[in-house]
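In case you want the letters, here they are:
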Amino acid sequence: MSSIGDKSDEIQHKSYWRFSKQDFLPEESFQSWGNYRSALSETCFRFKDRLISRSDDVNEIGELRKQSENEMKRCLTWWDLTWFGFGSVVGAGIFVLTGQEAHEHAGPAIVLSYVASGVSAMLSVFCYTEFAVEVPVAGGSFAYLRIELGDFVAFIAAGNILLESITGGAAVARAWTSYFTNLLNLPSNSLRIHTNLAEGFNLLDPIAVGVLVIAATIAIISTRKTSLINWIATALNTAVILFVIIAGFAHANTSNLKPFLPFGAKGIFQAAAIVYFAYGGFDNIATMAEETKNPSRDIPIGLLGSMSIITVIYCLMALTLSMMQKYTEIDKGAAYSVAFQSVGMNWARYLVALGALKGMTTVLLVGALGQARYTTHIARAHMIPPWFALVHPKTGTPINATLLITISSALIAFFSSLDVLASLLSVSTLFIFMMMAVALLVRRYHVKEITPQTNLLKLVLFLLIIIASSMGTSAYWGLNPNGWVGYAVTIPFWFLGTTGLSMLPQQREPKVWGVPLVPWLPSLSIAINIFLMGSLGAEAFERFGICTGVMLIYYVFFGLHATYDMAHLHRKAQSTEVNNEDMIGRKGP
């Protein structure tokens, strides 16, 4: 096989629309059945290699990008990213899940659920921002985890990123149909096709499929035009949100806040784990780093600025809903529209439904951009076929990756209900954000071939203590939420692990922008994310486990061998370059 460098002159002459075996399985292990059998016989050895190997900043930023054959266009500023932040986050979560969780789990304390999940989201935003500034590539969390925690952990993250992308798009598309039905003043589910399939999968949704296809088509045409459409739609949606807050408080009745905690503290965190979905999507901004003109300046402004404002808006909107209607009377499907109808503002329900539709449309638009860029970088590493890494020479967008996510989301959206999707999505999102905090700590405290072995062992030990104590706290909460004995053990252990970590010397300082109060804030992010994961039901973890199991089967038979071949091809190319330089040096001028 030719080296990566040898291909750079050839790729310019290839057509984008090609479907040969070499575009899907170009690695040495898949060139013949004999090669494949040989690769399978080395599975244990290759797994060990991938488990301990690490990528680096230079490889992710430079070499892997060549796999796309064409560059993405740098056309975004901090202004674009800020509006992308609003567009990617404010949508189905706040307009749909607020009513659902206030009615079923939290009551008026839903505002505290948004505070809890907002704090967790902001801690994750800090971690994402530092990585995105230091490693400005389309891979987002996948690239960051590949650098710090290795190929295997990155694959688990990649699988969950794809799962999150696909189910997230499907969930928003289903919610879009619900609000569109309300806008037309039609009975609930009247625009869906009723079947005899199992409950949760028996309402087929062709409108959700159509919305996904339209959003993907816009994203494929141009990143810059998508940004403009997002800016206009998000500005209109923001105006609707301000109306909801102002008009809602004008019709507020404080008696609706009693009882404030009808389901107790456990209900707050159960709801927080679900409404965390409302904060999901901000990581799409990190995937736009490759198309950002000045990543070191624009990404911190875009990420931190937009998420700070969004957190405040969410809490105000949740409080507004709880004060307008008794939690037992809140409509789970279209909460805000029905709430305004209940206070005599029947016309406002249409305005709210229209605003919600605009919000969900921008979520789908920005999601189509960000999710495709995740997928592109995963394909660059050959964890999925490199055909999905190709960037179109004219549009500067990854069309193949966009089609993969869109078609998969459309199939799921056609069958699955929103409640089924939201719980599964929350597990994947929280898992990835937890791993991001771990990766940030590893980045700060470990540098290959520089960090002493004893310090590395201490780092691993303290991280295990932090994770184990966080899991213990979460488990004790699930078993005995009103107790305190377990917390007297787990919380001091978390404090001990974090204190021990703080006493180690940091091996790397961020060049431009860094997370403050390291290791305390990343350690707190780990604890909160694990705690919120533990607040979800067993059914969500069962689905998560099944999906992860399917991913591992794929990894053992395909992903492992493709990434192994890719990594060793890259090492061979580097070795050849070093030998050539040595030969030139020996010959002299």
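You'll find the protein chain entered in an unreviewed UniProt entry as Cationic amino acid transporter C-terminal domain-containing protein, with Populus tomentosa given as the organism. Reading the Sequence similarities (unreviewed entry) entry of the UniProt record for the protein chain gives the comment "Belongs to the amino acid-polyamine-organocation (APC) superfamily. Cationic amino acid transporter (CAT) (TC 2.A.3.3) family."

**Considerations on the overall build of the protein chain**
For the protein chain, the count of helices and strands is 23 helices and two strands. At 24 Å, the protein chain has a C-alpha radius of gyration in line with the 25 Å of a compact globule built from 589 residues. The principal-axis extent of the C-alpha atoms belonging to the protein chain is close to 90 × 55 × 45 Å. Each of the 589 residues in the protein chain was classed as buried or not, and the buried ones make up 59%.

**Some remarks on unusual backbone geometry**
Here K258 and P259 are connected by a cis peptide whose omega angle stands at -5°. Along the polypeptide, P259 turns up in the loop between α12 (223-250) and α13 (264-275). Between V518 and the following residue, P519, the backbone shows a cis peptide bond with an omega angle of 10°. Mapped onto the elements, P519 comes out in the loop between α21 (485-502) and α22 (520-534). With a phi angle near 60°, N185 is a residue other than glycine that sits in the positive phi range.

**Details of the nonpolar core**
The nonpolar side chains of soluble globular proteins are, as a tendency, buried together. One finds Y114, Y128 and Y179 to be the most contacted residues of the largest nonpolar core, which totals 164 residues. Here this core gets 17 residues from one element, more than from any other, and that element is helix α10 (residues 151-183).

**A short note on the environment of F277**
Within the secondary structure, F277 is located in the loop between α13 and α14 (283-287). For the pair F277 and F30, spaced 247 residues apart in the sequence, the C-alpha separation amounts to 39 Å.

**Notes on the packing of helix α11 (residues 206-221) against helix α17 (residues 348-380)**
It is the contact of α11 with α17, at a shortest axis distance of 8 Å, that shows an interaxial angle of 55°. For the element pair α11 / α17, the angle class is oblique. Crossing of α11 over α17 shows right-handed handedness. Residue-level contacts link V211, L212, A215, A216, I218 and A219 of α11 to L364, L365, A368 and L369 of α17.

**Considerations on a nonpolar patch on the surface**
Residues W78, W79, L228, W231, I232, L236 and I301 make up a contiguous nonpolar surface patch of roughly 650 Å² in combined accessible area. Only α6 (78-89) and α12 provide two or more residues apiece to the nonpolar patch. Looking at which element gives the most residues to the nonpolar patch, the answer is α12, with four residues. With respect to the helices, strands and loops of the structure, L236 is situated in helix α12.

Cut-off values and rules
- Residues numbered from 1 in each chain as written.
- Predicted model: local features only at pLDDT ≥ 70, side-chain atom pairs only at ≥ 80, totals over all residues.
- Heavy atoms only, no water.
- UniProt positions renumbered as here; feature names shortened; annotations may be inferred.
- Helix = DSSP H or I, 4+ residues; strand = E, 2+ residues; numbered from the N terminus.
- Rg over C-alpha atoms; globule rule 2.2 N^0.38 Å.
- Buried < 20%, exposed > 50% of the residue type's maximum accessible area, 1.4 Å probe, protein only.
- Core = buried A, V, L, I, M, F, W, Y, C linked by side-chain atoms within 4.5 Å.
- Axes fitted to C-alpha atoms, helices over the stretch in contact; angles between N-to-C directions.
- Parallel < 35°, antiparallel > 145°, perpendicular 65-115°, else oblique.
- Left-handed = near helix turned anticlockwise from the far one by under 90°.
- Contact = heavy atoms within 4.5 Å.
- Patch = residues over 30% accessible without salt bridge, like charges linked within 9 Å, V, L, I, M, F, W, Y side chains within 5 Å.
- Areas by Shrake-Rupley, 256 points an atom, 1.4 Å probe, with all protein chains shown as cover.
- Salt bridge = Lys/Arg side-chain N within 4 Å of Asp/Glu carboxyl O.

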